[in-house]
Amino acid sequence: MIVIPTSMAINLDGMARDHNSYADVVDVLIIVTGRVTDQLGEGIPGATILVQGTSVGTATDINGEYQIEAQEGAVLVVSFVGYKTKQVTVGNQTQLDIVLEEDFSSLDEVVVVGYGSQEKRNITGAISSLDEKSIKEIPVASAVEAMQGQVAGVDIVSSGGRPGQNPQILIRGRRSISASNDPLYVIDGIPQTSATSAIFDINPQDITSMEVLKDAAATAIYGSRGANGVIIITTKRGSTGKTTVSYEGYYGISNVTNMVDMMNGQQYAAMKREARRWDPDTGQPSWNGVVPSDEQVFLDPTELESVNMGRSTDWLDLIIGQGHQTNHQVSVNGGSEKTQFNISLGYFNEEGIVDNMDYTRATARINLDHSISKVFKVGTSFLASFAIQNWGSGSAIGEAVSNNPLGVPFNEDGSLRFLPTNDGIRTNPLNELVPGAYVDERKSTRIFAPVYMEAKIVEGLTFRVNAGPDIRYNRIGNFRASQTNTNRGGPASASIENQADFGYTVENILNFNKNFGENHSFQATFLQSIQGLRTEQHGTEVSNLPYESQLFYDIGTAEVKGNLSSRLEEWTLSSYMGRVNYDFMGKYLFQATLRSDGSSRLGPGKKWAYFPGGSMGWRVIEEGFLRDQNLLTELKLRVSYGQVGNTSVDPYQTLGRLRRTVYALGDTPYLGFGLNEIPNSDLGWEISATTNLGVDFGFFNNRLSGSFEYYITNTTDILLERNLPYTSGYQNILQNIGATKTNGMELTLNATPIDKMNFRWDVQFNVSRYREQITDLVFRDENGNPIDDTGNQWFIGQPIRVFFDYEKIGIWQADEVDMAREMENKFPGEIRLKDQDGDNRITPDDRLVLGSDVPDYVGGITNRFQIKNFDLSFFFFYRMGHMIRSRFHDSNNNLEARYNNLNVDYWTIDNPSNANPRPNVYQEFPRDSSTRSYFDGSFVKLRNVTLGYNLPVSLAEKMAMSRLRIYASAQNPVFWSTFDTWDPELAGDITAGSIPSARQFLLGVNVSF
């Protein structure tokens, strides 16, 4: 007979336990090993295998493999979220492979909701999830980028084409006019203090799931920091069973997505001739005059020589090249019944399509969980990361699009020619790319080491302590050599800035979970926490460095000491939170939350604020009248309301900070200090109140499922500056006096049109629409109603960011001389504006809101195909119905013919175009040039397409591997848009210095041992 220690057993919920005793004595035990797979042969990690009628069990490792001891004739119960539970009888075999069938009823899926988790069927708030497969499918530096277009209500837009550049992330639009609209990030249970940059330190391969809390009832647990939504990131934990070593890596090349069409030498020369039309009788410029001879037009010998030789320089072609991207990750995952671990090392590198622009990140992670006894459990999620971002010179692209195509980049000996022509403003963009000439190096080192201890007090009652130190060091070193656009032959200059952040979080969490009979389920969570951040920063700027090879490492040798600065900033946040969930009969669901935050940022009497939230759900599918039908699999109605805040007040802002001033005493100047702002101890949080209505549905055994959301958010107490009389000595005072409203709809659909043994097709689709409007501002009319703030371009009833200008309707033509003069005091060949009020004059009253950067629709659609061992997926991302502003089309389209120009159709007496005005050397910019900078920014992108092949397990095992997958992938290979200058996907204005986006083509491999 054999005795089995029950310390080898685990509960189905994954919590290890140790009875410190022995189980029953059994007659014969067999060590059974095997692999749990899906219908396509893919291993299922984390599947639970339980010996029926006992507490003996285990879980599969990362490859789906397991080992368990069971008596002959025992029944193994095998289960995993999203698959049908299967029972298998143990015979006398020692190898038992098990295939699970997918269960389209995914209602038992566990979703992280903040300070706990819930089954998907019981969620009453607006929460979306992104699983590991969807995150890893798109090779990017940041997991947030992988979320783009995959989660309804989350609008993610690129901030530029520099490697490692943070995107703009909005959850359900903007609420604040002047404060940040960035969401709060929570990583392994710890709210982050470093905003969006926190996510870039996390290797996407380390993430197992991402949850997005969107409505105020869900985010109320984060109180004053939850107004802009919450993104919860959970990293991979260890598993019991065999230790698995895995490698994931890819390498790819990148090139520019879309090249802008600038004039070549011949086109530029034609524009320059046209710009100098004049009347030979009067000697004055004239729109219908004659073109001078080339000797009168091209006064620069280099230009004239290029014209005569037919020589032309494509500066963009010299600057923009081919980049590459690579990623490598090695991980070790495993553990025993008591201790589970996941260890990983990652390396990511992206070289941009412009030299001297790159991003490199190295990460190390140790996730450890250990059961000390049946009562206590401890663990950690240790992260160390080091990143270097070479920002590069903005003048590289700026000079490439502005430089004269008749200029010459190289001297006769092959060296760089610093001034391609005699124009001293335009320098050679290639000088910006000389190694060591322009350096903007940004280093970041981070140690994030949250730890926890959990105690199981009694059945259903646990107490947990989280402690999360977060240490970050940032250094920005900047050097500009003499031969760069910054210094234009002057002395070299440098600057260095160091910043140290120490953040900490300590949380005490009490969780209670109890079922009362068969119909009542009760959960309660109570939290006490304190969080703080201390930031120290200092910077130094110098010039006239004696030698350039020192860069910014020996600035003490500089002849001229420039600005010196230093800063200390500290804040703390103390919080209490309670949340109660009640489930009656699995049909009627209730949740109530209340959080109280006390902040050091606020003045006496204003430090504490309270943020309530409540939600209800009705699982209609459980009602008797829907039991005898086969159409609906799930139907749940949800409603929620909550209030949350925005951390909109800066530290010390309520106190009135000082600034240095200069004054004279007689003839002697002195330095002194005065208030920089009027103290306002009444400043408080911006408060957002959201009502959310939702429905979750499933049809045909959940072969078609999804959700629909409608919400309204009203944000009050928005911080705005109110103008003051000059007699006060100040221009304005900051007060909580603005308000906005946001409303929208979201639709998510998941479908499996085909599911056969060797072929499966899955479709995921989402679309969202939101509308912003300002409802209150500083200014009032005589009746006390809010009115527009035209100076800041804030308008009642309009979105927060709009484009307010005249409307261009064409170009004044040769037969409209009198009308052009009378209406706008212009000549033929100049921009013609629309007379909005019909008074036959163009005045400021003719300006109007042309559009907004808020899209009509944003979303994505993913198709996944599994054909035997091959997998194919392609994902489209779209953003439709919004306006963008391209400053490129006015600043690089001035038609003055001093600098290069967009290749556009411009007006001449022989070409009466209505697209662009006539070239004119006497106008640095055409009058009302800004009216040409507004465009429809709609686009559809093929964001990702991937083709993979999974080597059969039998072949992989012969090669000492448990899994091998190879794949080819393309990122952003093609997009469709009516905007043809660079890529329309950009947060903010498109400018001459905007770095163009890139597309990548990659090859990768995933292998496990």
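- As recorded by an unreviewed UniProt entry, the protein chain carries the name TonB-dependent receptor and is attributed to Cyclobacterium plantarum.
- What the UniProt record of the protein chain gives under Subcellular location (unreviewed entry) is the line "Cell outer membrane".
- What the UniProt record of the protein chain gives under Sequence similarities (unreviewed entry) is the line "Belongs to the TonB-dependent receptor family."

### Overview of the overall build of the protein chain
Line of reasoning, step 1. A tally of helices and strands in the protein chain yields 12 helices and 50 strands.
Line of reasoning, step 2. With the C-alpha coordinates aligned to their principal axes, the bounding extent of the protein chain is approximately 120 × 70 × 65 Å.
Line of reasoning, step 3. For the protein chain, the residues scored as buried account for 53% of the 1009 residues in total.
Line of reasoning, step 4. Across the protein chain, contacts joining residues at least 24 apart in sequence account for 68% of those joining residues at least 6 apart.
Line of reasoning, step 5. Of the roughly 42,900 Å² of accessible surface on the protein chain, 54% is carried by carbon and sulfur atoms.
Line of reasoning, step 6. Taking the average place of the 86 positive charges on the side chains of the protein chain and the average place of its 119 negative ones, the gap between the two points comes to 3 Å.

### Observations concerning empty space enclosed by the protein
Line of reasoning, step 1. Counting across every chain of the model gives five cavities of 30 Å³ or more.
Line of reasoning, step 2. Roughly 490 Å³ of internal volume is contained in the largest cavity.
Line of reasoning, step 3. Taken together, the elements giving at least two residues each to the lining of the largest cavity come down to β21 (339-351), β48 (939-950), β49 (963-976) and β50 (998-1008).
Line of reasoning, step 4. Tallying contributions element by element places β21 first for the lining of the largest cavity, with three residues.
Line of reasoning, step 5. Residues that form the lining of the largest cavity fall into these classes: 10 nonpolar, 15 polar and eight charged.

### Focus on the nonpolar core
Line of reasoning, step 1. Grouped together as the largest cluster of nonpolar side chains are 39 residues, with contacts concentrated most on Leu316, Ile319, Ile320, Val354, Ile397, Val401 and Trp982.
Line of reasoning, step 2. Secondary-structure elements contributing two or more residues to this core are α5 (265-275), α8 (315-319) and α9 (395-402).
Line of reasoning, step 3. With sequence-adjacent residues up to four places away left out, Ile320 is seen in contact with Val256, Met259, Ile353, Val354, Ile397, Trp982 and Pro996.
Line of reasoning, step 4. The next biggest cluster of nonpolar side chains, apart from the first, holds 30 residues, and it includes Ile156, Ile171, Tyr185 and Phe200.

### Topic: the side chain of Lys636
Line of reasoning, step 1. Note that Lys636 resides in strand β33 (residues 632-646).
Line of reasoning, step 2. Among the polar contacts made by the side chain of Lys636, one reaches the main-chain carbonyl oxygen of Lys120 at a distance of 3.2 Å.
Line of reasoning, step 3. Ignoring sequence-local partners within four residues, the contact set of Lys636 consists of Lys120, Arg121, Asn122, Ile123, Leu589, Trp618, Arg619, Val620, Gly694, Val695 and Asp696.

### Section: the environment of Arg446
Line of reasoning, step 1. Tracing the backbone shows Arg446 in strand β24 (residues 438-448).
Line of reasoning, step 2. In sequence terms Arg446 and Asp928 are 482 residues apart; their C-alpha atoms lie 49 Å from each other.
Line of reasoning, step 3. Apart from the residues lying within four places of it in its own chain, the contact partners of Arg446 are Gln192, Ser194, Ala198, Asp201, Leu383, Ala384, Ser385, Asp470, Ile471 and Arg472.
Line of reasoning, step 4. Engagement of the side chain of Arg446 in a polar contact is seen with the side chain of Gln192, the distance being 2.3 Å.

### Concerning the pattern of salt bridges
Line of reasoning, step 1. With the rule as written, the count across this model stands at 55 salt bridges.
Line of reasoning, step 2. Among the salt bridges present, the one from Arg619 reaches Glu634, with a minimum N-O distance of 2.7 Å. Pair noted here: Arg619 is in strand β32 (residues 608-619) and Glu634 is in strand β33, with a separation of 15 residues, a long-range link.
Line of reasoning, step 3. Classification of Arg619 as buried rests on a relative accessible area of 2%.

### Some thoughts on the packing of aromatic side chains
Ring pairs (aromatic) are described by centroid distance and by the angle formed between their planes.
Line of reasoning, step 1. All told, the structure shown has 24 aromatic pairs when counted by the stated rule.
Line of reasoning, step 2. Aromatic pair Tyr582 and Phe590: ring centres 6.2 Å apart, planes at 20°, arrangement stacked.
Line of reasoning, step 3. The ring of Tyr711 is capped by Arg172, whose NZ or CZ atom sits 4.0 Å from the centre of that ring.
Line of reasoning, step 4. Its guanidinium or amino end placed over the ring of Tyr899, Arg426 lies 4.5 Å from that ring's centre, counting from NZ or CZ.

### Considering a nonpolar patch on the surface
Line of reasoning, step 1. Residues Ile372, Val375, Phe376 and Met453 make up a contiguous nonpolar surface patch of about 320 Å² in total accessible area.
Line of reasoning, step 2. Along the chain, Phe376 falls in strand β23 (residues 376-390).
Line of reasoning, step 3. Residue classification places Phe376 among the partly exposed positions, given a relative accessible area of 36%.

### Description of the sheet that holds strand β10 (residues 127-131)
Line of reasoning, step 1. Spatial ordering of the open sheet is given by β10-β15-β16-β13-β14, a layout of five strands whose pairing is mixed. Each having just a single partner strand, β10 and β14 (190-191) make up the two edges of the open sheet.

### Points about the sheet that holds strand β7 (residues 98-99)
Line of reasoning, step 1. The strand order across the open sheet formed by three strands is β4-β1-β7, and the pairing between neighbours is mixed. Strands with a single pairing partner mark the edges of an open sheet, and in this sheet they are β4 (65-71) and β7.
Line of reasoning, step 2. With seven bridges connecting them, strand β1 (residues 29-37) and β4 associate as antiparallel partners. Directly across from Leu29, in β4, lies its bridge partner Gln71.

### Some thoughts on α9
Line of reasoning, step 1. Of all eight residues making up α9, eight are buried, and the element is well covered by its neighbours.
Line of reasoning, step 2. Of all the residues in α9, the buried ones are Ser395, Ala396, Ile397, Gly398, Glu399, Ala400, Val401 and Ser402.

### With respect to helix α10 (residues 817-824)
Line of reasoning, step 1. Taken together, the buried positions of α10 are Ala820, Met823 and Glu824. Along the long axis of α10, the arc covered by the buried residues comes to 85°, so they all point the same way.
Line of reasoning, step 2. The secondary structure elements touched by the buried residues of α10 are β42 (831-833).
Line of reasoning, step 3. Just past α10, the residue Asn825 takes up positive phi, approximately 55°.

### Examining unusual backbone geometry
Apart from glycine, the bulk of residues carry a negative phi angle, and the bulk of peptide bonds sit in the trans form.
Line of reasoning, step 1. With a phi angle near 55°, Phe700 is a residue other than glycine that sits in the positive phi range.
Line of reasoning, step 2. Along the polypeptide, Phe700 turns up in the loop between β36 (686-699) and β37 (704-723).
Line of reasoning, step 3. Even without being glycine, Asn702 reaches a positive phi, approximately 65°.

### Description of the confidence of the model for the protein chain
Line of reasoning, step 1. Within the protein chain, residue pLDDT values average 90, and 96% of them lie at 70 or more.
Line of reasoning, step 2. When the criterion is pLDDT under 50, residues 1-26 qualifies, and its contacts beyond four places in sequence or with other chains add up to 50 contacts.

### Looking at the pairing of strand β11 (residues 154-157)
Line of reasoning, step 1. Taking every second residue as pointing to the same face, both faces of β11 are buried, with Val154 and Ile156 on one and Asp155 and Val157 on the other.
Line of reasoning, step 2. In terms of strand pairing, β11 meets strand β12 (residues 168-171) through four bridges, oriented antiparallel. Bridging across to β12, Ile156 finds its partner in Ile169.

### Quick notes on the environment of Leu368
Line of reasoning, step 1. Here Leu368 lies in strand β22 (residues 358-371).
Line of reasoning, step 2. Ignoring any residue separated from it by four or fewer positions in sequence, one finds Leu368 in contact with Arg237, Thr339, Gln340, Phe341, Val378, Gly379 and Thr380.

### A closer look at the environment of Arg722
Line of reasoning, step 1. Structurally, the position occupied by Arg722 is in strand β37.
Line of reasoning, step 2. On a C-alpha basis, the gap between Arg722 and Ile737 in space is 8.6 Å, while along the polypeptide they are 15 residues apart.
Line of reasoning, step 3. Residues within four places of Arg722 in sequence aside, it is in contact with Gln731, Asn732, Ile733, Gln735, Ile737 and Val778.
Line of reasoning, step 4. In terms of polar contacts, Arg722 uses its side chain to reach the side chain of Gln735, at 2.8 Å.

Definitions and cut-offs
Residues numbered from 1 in each chain as written. Predicted model: local features only at pLDDT ≥ 70, side-chain atom pairs only at ≥ 80, totals over all residues. Heavy atoms only, no water. UniProt positions renumbered as here; feature names shortened; annotations may be inferred. Helix = DSSP H or I, 4+ residues; strand = E, 2+ residues; numbered from the N terminus. Buried < 20%, exposed > 50% of the residue type's maximum accessible area, 1.4 Å probe, protein only. Contact = heavy atoms within 4.5 Å. Areas by Shrake-Rupley, 256 points an atom, 1.4 Å probe, with all protein chains shown as cover. Lys, Arg positive; Asp, Glu negative; His and termini not counted. Charge placed at Lys NZ, Arg CZ, Asp CG, Glu CD. 1 Å grid on protein atoms, 1.4 Å probe; cavity = no way out; pocket = protein on both sides within 12 Å on 5 of 7 lines; lining within 4 Å. Points joined across faces, edges and corners; volume = space filled by probe spheres on them. Nonpolar A, V, L, I, M, F, W, Y, C, P; charged D, E, K, R; others polar. Core = buried A, V, L, I, M, F, W, Y, C linked by side-chain atoms within 4.5 Å. Polar contact = N/O pair within 3.5 Å; in protein donor to acceptor, adjacent residues only side chain to side chain. Salt bridge = Lys/Arg side-chain N within 4 Å of Asp/Glu carboxyl O. Phe/Tyr/Trp six-rings, centres within 6.5 Å; stacked < 30°, edge-to-face > 60°. Lys NZ or Arg CZ within 6 Å of the ring centre and 35° of its normal. Patch = residues over 30% accessible without salt bridge, like charges linked within 9 Å, V, L, I, M, F, W, Y side chains within 5 Å. Pairing = 2+ DSSP bridges. Arc of directions from axis to C-beta. pLDDT = per-residue confidence, 0-100.

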